[in-house]
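Architecture and fold: a report
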Amino acid sequence: ATNGLVVQSSVNAGDYVVINAVKLLNTDFTTDMTSWSTTNATSIITAGVVEVTNSEVFGGYEQFFNTVAGQEFTVTAKFADGTALSIVDIRTSDNVRLAFMLAKNTTTLAENSVSFIATTTATKIQIKADSLTLGLTAYYDFVHLVPKNDIYRATEDIPALTSLTDSRFEDRTQIGIT
């Protein structure tokens with residue numbers, strides 16, 4: 001068993017450890033913006049889609065989550081441009097950009113994904129109406145975040161309470177699983 005990315009019991013060389021790819025962030029905007037903080041924006045939810053309107057330059061919403069430096073994550077979002085460019089921005093707590101996605105100049109909700117490697121223990125996702133002009137909109141249906149690696153193999157006997165990011169574990173890329 002694991003607790004986050006730490007094995008709770010010893011693992012023998014050659015054994016696999018599978019973690020449940022639990023969504024760390026699972027926002028579908030059906031009723032509200034719970035756990036999202038405004039960064040100079042307002043929102044209206046209609047039929048499970050949130051319309052974000054910037055009230056300052058590049059206004060939107062953000063949510064922080066705990067990460068492990070060196071761990072890879074995938075963010076998947078379904079979003080579209082309104083009167084502004086829609087952007088999903090992934091940054092450290094110090095505001096260093098790790099990755100981002102644009103709606104690709106479309107007003108049709110479309111699903112996009114991007115992977116990133118965490119560099120700190122706190123990371124944030126921002127959803128924005130990306131414009132220098134105030135009062136413009138962007139649309140978001142959902143935003144999900146999952147750890148990318150969900151299977152590991154021990155290269156030698158490993159004691160309990162060892163992190164899966166330890167070099168004695170191989171991740172799915174090293175094992176050859178895509």
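That block above? That's the structure.
The paragraphs below set out a description of the structure included in this document. (Residues numbered from 1 in each chain as written. Predicted model: local features only at pLDDT ≥ 70, side-chain atom pairs only at ≥ 80, totals over all residues. Heavy atoms only, no water.)

A few points about unusual backbone geometry
As a reminder, the rule being used: For the purposes of this entry, the term helix denotes a DSSP run of H or I that reaches at least four residues, the term strand denotes a run of E that reaches at least two, and both are numbered from the N terminus.
In this structure, alanine 47 is a non-glycine residue whose phi angle is positive, near 50°. Structurally, alanine 47 can be placed in the loop between strand 6 (41-46) and strand 7 (49-54). Residues other than glycine seldom take positive phi values, yet leucine 161 does so here, at roughly 65°. Mapped onto the secondary structure, leucine 161 falls in the loop between strand 15 (151-154) and strand 16 (169-171).

A few points about the packing of aromatic side chains
What counts, and what does not: For Phe, Tyr and Trp, rings pair up if their centres lie within 6.5 Å, where Trp contributes its six-membered ring, and each pair is then called stacked (planes under 30 degrees apart), edge-to-face (over 60) or tilted (otherwise). Here's how the labels work: a residue is buried when its accessible area is under 20% of the maximum for its type, exposed when over 50%, partly exposed in between, all with a 1.4 Å probe on protein chains only. To sit over a ring, a charge needs its Lys NZ or Arg CZ within 6 Å of the ring centre and within 35 degrees of the ring normal.
Scanning the entire structure with this criterion turns up four aromatic pairs. Centre to centre, the rings of phenylalanine 73 and phenylalanine 116 are 5.5 Å apart; their planes meet at 20°, and the pair counts as stacked. Pair noted here: phenylalanine 73 is in strand 9 (residues 72-81) and phenylalanine 116 is in strand 12 (residues 110-117), with a separation of 43 residues, a long-range link. Overall, phenylalanine 73 belongs to the buried group, its relative accessible area being 1%. Given the relative accessible area of 3%, phenylalanine 116 is considered buried. One cation-aromatic arrangement involves arginine 97 over phenylalanine 100; the distance from NZ or CZ to the ring centre is 4.5 Å.

Remarks on the pattern of salt bridges
Defined as follows: Any Lys or Arg side-chain nitrogen located within 4 Å of an Asp or Glu carboxyl oxygen qualifies as a salt bridge.
Counted under the stated rule, the structure contains seven salt bridges. In this structure, the salt-bridge partner of aspartate 141 is lysine 78, at a minimum N-O distance of 3.9 Å. You can see aspartate 141 sitting in strand 14 (residues 137-147) and its partner lysine 78 sitting in strand 9, a full 63 residues away along the chain. Its salt-bridge partner being aspartate 89, residue lysine 128 comes within 3.1 Å of it at the nearest N-O pair. Of this pair, lysine 128 sits in strand 13 (residues 122-130) while aspartate 89 sits in strand 10 (residues 85-92), and the two are 39 residues apart along the sequence. Taken individually, lysine 128 and aspartate 89 each receive the classification buried, so the pair is uniform in this respect.

Here we look at a nonpolar patch on the surface
Note the following rule: Within this analysis, patches are made of residues with over 30% relative accessible area and no salt bridge. Like charges are joined at 9 Å or less; nonpolar side chains (Val, Leu, Ile, Met, Phe, Trp, Tyr) at 5 Å or less. Working definition of accessibility: Shrake-Rupley area with a 1.4 Å probe, residue cover restricted to the visible protein chains.
A contiguous nonpolar surface patch, about 380 Å² in accessible area, is contributed by Val57, Phe58, Leu132 and Leu134. Mapped onto the fold, leucine 134 is located in the loop between strand 13 and strand 14. Owing to a relative accessible area of 46%, leucine 134 belongs among the partly exposed residues under this scheme.

Considerations on the sheet that holds strand 5 (residues 37-39)
The test is simple: Here, any two strands with at least 2 DSSP bridges between them count as paired. In this analysis, axes come from line fits to C-alpha atoms, helices being fitted only over the stretch in contact, and the angle between any two N-to-C directions falls in the range 0 to 180 degrees.
Read from one edge of the open sheet, five strands run 5-8-13-10-11, paired in antiparallel fashion. Both outer strands of the open sheet, strand 5 and strand 11 (97-102), are each paired with one neighbouring strand and no more. Across the sheet, the mean angle from the axis of one strand to that of its neighbour is 25°, orientation sign disregarded.

Comments concerning the nonpolar core
Nonpolar side chains tend to gather and get buried jointly when the protein is soluble and globular. Here is the rule: Put simply, a nonpolar core is a bunch of buried Ala, Val, Leu, Ile, Met, Phe, Trp, Tyr and Cys residues held in one set by side-chain atoms that sit within 4.5 Å of each other. Note on contacts: a residue pair is in contact if any heavy atoms of the two residues lie within 4.5 Å.
With 30 residues, the main nonpolar core has Val75, Val88, Ile125 and Ile127 as its most contacted residues. If you list the elements that add at least two residues to this core, you get strand 7, strand 8 (60-66), strand 9, strand 10, strand 11, strand 12, strand 13 and strand 14. The residues touching valine 75, leaving out its near neighbours within four places in the chain, are Val88, Ile90, Met101, Asn112, Ser113, Val114, Phe116, Ile125, Val143, His144 and Leu145. Listed in part, the nine residues of the second largest apolar core include Val7, Val17, Ile19 and Ala154.

Observations regarding the side chain of lysine 124
Here lysine 124 is to be found in strand 13. Leaving out residues up to four positions away in the same chain, lysine 124 has contacts with Glu62, Gln63, Phe64, Phe65, Asp89, Ile90, Arg91, Thr92 and Asn95.

Considerations on the environment of aspartate 141
Residues aspartate 141 and leucine 102, spaced 39 residues apart in sequence, show a C-alpha to C-alpha distance of 14 Å. With sequence-adjacent residues up to four places away left out, aspartate 141 is seen in contact with Thr27, Asp28, Phe29, Gly48, Val49, Lys78 and Leu109.

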